[in-house]
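Spelled out, the chains give:
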Amino acid sequence: MEIGPGAVHLERYFSIDDQRALVAQCRALVDGAVPAYVPIVRGGGKMHVRMLCLGKHWNGKTYSYETTRSDFDNLPAPPLPENFRTLARDLAHAAGMTLDADLCILNYYDADGRMGLHQDKDESEPSLAAGLPVVSVSLGDTARFLFGGLRRKDPVEARLLESGDAFVFGGPARLRYHGVSRIVPGSAPPELGMSGRFNLTFRQYDIAPSQM
Ligand SMILES: O=C(O)CCC(=O)C(=O)O
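In what follows, the accompanying structure is described. (Residues numbered from 1 in each chain as written. Predicted model: local features only at pLDDT ≥ 70, side-chain atom pairs only at ≥ 80, totals over all residues. Heavy atoms only, no water.)

A short note on the overall build of the protein chain
Operational definition: What counts as a helix is a DSSP run of H or I of at least four residues, what counts as a strand is a run of E of at least two, and both are numbered from the N terminus. For this measure, only C-alpha atoms enter the radius of gyration; the expected value for a globule follows 2.2 Å times N^0.38, where N is the number of residues. Using a 1.4 Å probe on the protein chains alone, a residue whose accessible area is under 20% of its type maximum counts as buried, one over 50% counts as exposed, and one in between counts as partly exposed. By the convention used here, residues are in contact when the closest approach between their heavy atoms is within 4.5 Å. Positive charges are assigned to Lys and Arg, negative charges to Asp and Glu, while His and the chain termini are left out of the count. For charged residues, the charge sits on one atom: NZ in Lys, CZ in Arg, CG in Asp, CD in Glu.
A count of helices and strands for the protein chain gives 3 helices and 13 strands. Relative to the globule expectation of 17 Å for 212 residues, the C-alpha radius of gyration of the protein chain, 16 Å, shows essentially globular dimensions. With respect to the principal axes defined by its C-alpha atoms, the protein chain has extents near 45 × 40 × 35 Å. Put simply, the protein chain has 212 residues, and 53% of those count as buried. Taking contacts inside the protein chain between residues at least 6 apart in sequence as the whole, the part at least 24 apart equals 74%. With 23 positive and 25 negative side-chain charges, the protein chain shows a separation of 6 Å between the mean positions of the two kinds.

Printed below as a string of structure tokens:
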């Protein structure tokens, strides 16, 4: 469902079997050789998620991308799995957009997880100018997702993002403020055998001249 120009909520996009496979892959990644961690951002505050960046690392101190986690343990960002890249391309396409993702921020929210209202604007200038979308996938517990306007003080709409949903925002919606006010504990489909929530956001930093 299009909820505004360039913003599409794809409800129940993934089957329960697809979700189960994605959850297993996310679990293996966040507990892998380069594990998820709780970033401390530039103001000194701790984020309320565990984060693992794939493809490129988002540095919470500098708000920029890099190849190794220089704000944490200097380990290299693990590669973006090929099936993730395909999935992001298909989701963007389903929303009428194009994306050749080169990075994914994978966040795990526990029952107290949340994320303040912010813009995603650390991708390259040409990528932002082209309005290449952010593609978001939700797995596990439901999130109360806040979607605002282009200015922080603009009105904010609350939407529930459930397990298996995707949310795509690009073009004129690319720089809309968004965040997660809370998680609904215990709302994950029982078949997933999980508590908490995984969220994957796919983005494209580098852009081919043909996409400009
Ligand atoms: O968890 C979500 O649904 C949103 C995540 C988000 O805003 C981000 O990663 O920038």
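Thoughts on the sheet that holds strand 7 (residues 115-118)
Note the following rule: Here, strands pair whenever DSSP counts at least two bridges between them. Think of each axis as a best-fit line through the C-alpha atoms, taken over the contacting stretch in the case of a helix, with angles from 0 to 180 degrees between the N-to-C directions.
Spatial ordering of the open sheet is given by 7-12-9-10, a layout of 4 strands whose pairing is antiparallel. Bordering the open sheet on either side are strand 7 and strand 10 (157-161), each of which pairs with just one other strand. Taking each pair of neighbouring strands and ignoring which way they run, the sheet shows an average axis angle of 25°. The pairing of strand 9 (residues 142-147) with strand 10 spans 5 bridges and is classified as antiparallel.

Comments concerning the nonpolar core
Filter applied, for reference: The definition of a nonpolar core used throughout is a set of buried Ala, Val, Leu, Ile, Met, Phe, Trp, Tyr and Cys residues joined through side-chain atoms within 4.5 Å.
Within the largest apolar cluster, 37 residues are counted, with the highest numbers of intra-cluster contacts made by L200 and F202. Counting only elements with at least two residues in this core, the list comes to strand 2 (7-10), helix 1 (16-30), strand 3 (50-54), helix 2 (82-94), strand 6 (103-109), strand 8 (134-140), strand 11 (166-169) and strand 13 (197-203). Excluding its chain neighbours within four sequence positions, the residues that come into contact with L200 are C26, F84, C104, I105, L106, V135, S136, V137 and L139. Judged by nonpolar contacts, the second largest core, of 23 residues, contains W58, I105, A143 and F147.

Thoughts on the environment of G140
By the element assignment, G140 lies in strand 8. Distance from G140 to R197, taken between C-alpha atoms, is 4.5 Å for residues 57 residues apart in sequence.

A few points about the site of the ligand
The criterion, for reference: Here, proximity means that at least one heavy atom of the residue falls within 4 Å of the molecule or strand. Distance and chemistry together define a polar contact, namely a pair of N or O atoms within 3.5 Å, with one atom able to donate a hydrogen and the other to accept it when in protein, and with adjacent residues in sequence counting only for side-chain atoms on both sides. To measure how exposed things are, a 1.4 Å probe is used in the Shrake-Rupley method; for residues, cover is taken only from the protein chains shown.
Neighbouring residues of the ligand: 13 residues in total, closest Y109, H118, H178, R197 and R203. Here an oxygen atom of the ligand sits 3.1 Å away from a polar atom, N or O, in the side chain of D120. The separation between an oxygen atom of the ligand and a polar side-chain atom of R203 is 3.1 Å. Considering the ligand on its own, with 290 Å² of exposed area, one finds that the protein chains cover 96% of that surface.

What about helix 2?
The cut-off we apply is this: Any helix carries an expected span of 1.5 Å times its number of residues minus one. Note: the arc covers the axis-to-C-beta directions of the helix.
The terminal C-alpha atoms of helix 2 lie 19 Å apart, and with 13 residues this matches the ideal 18 Å at 1.5 Å per residue to within 8%. Listing the buried residues of helix 2 in full gives F84, L87, A88, L91 and A92. One side of helix 2 holds all its buried residues, which, seen down the axis, span an arc of 130°. Summarising the geometry of helix 2, the exposed residues directed more than 90 degrees from the buried face are E82 and H93. Packed against the buried residues of helix 2 are strand 2, helix 1, strand 3, strand 8, strand 11 and strand 13. Looking one or two residues beyond helix 2, the residue adopting positive phi is G96, at roughly 80°.

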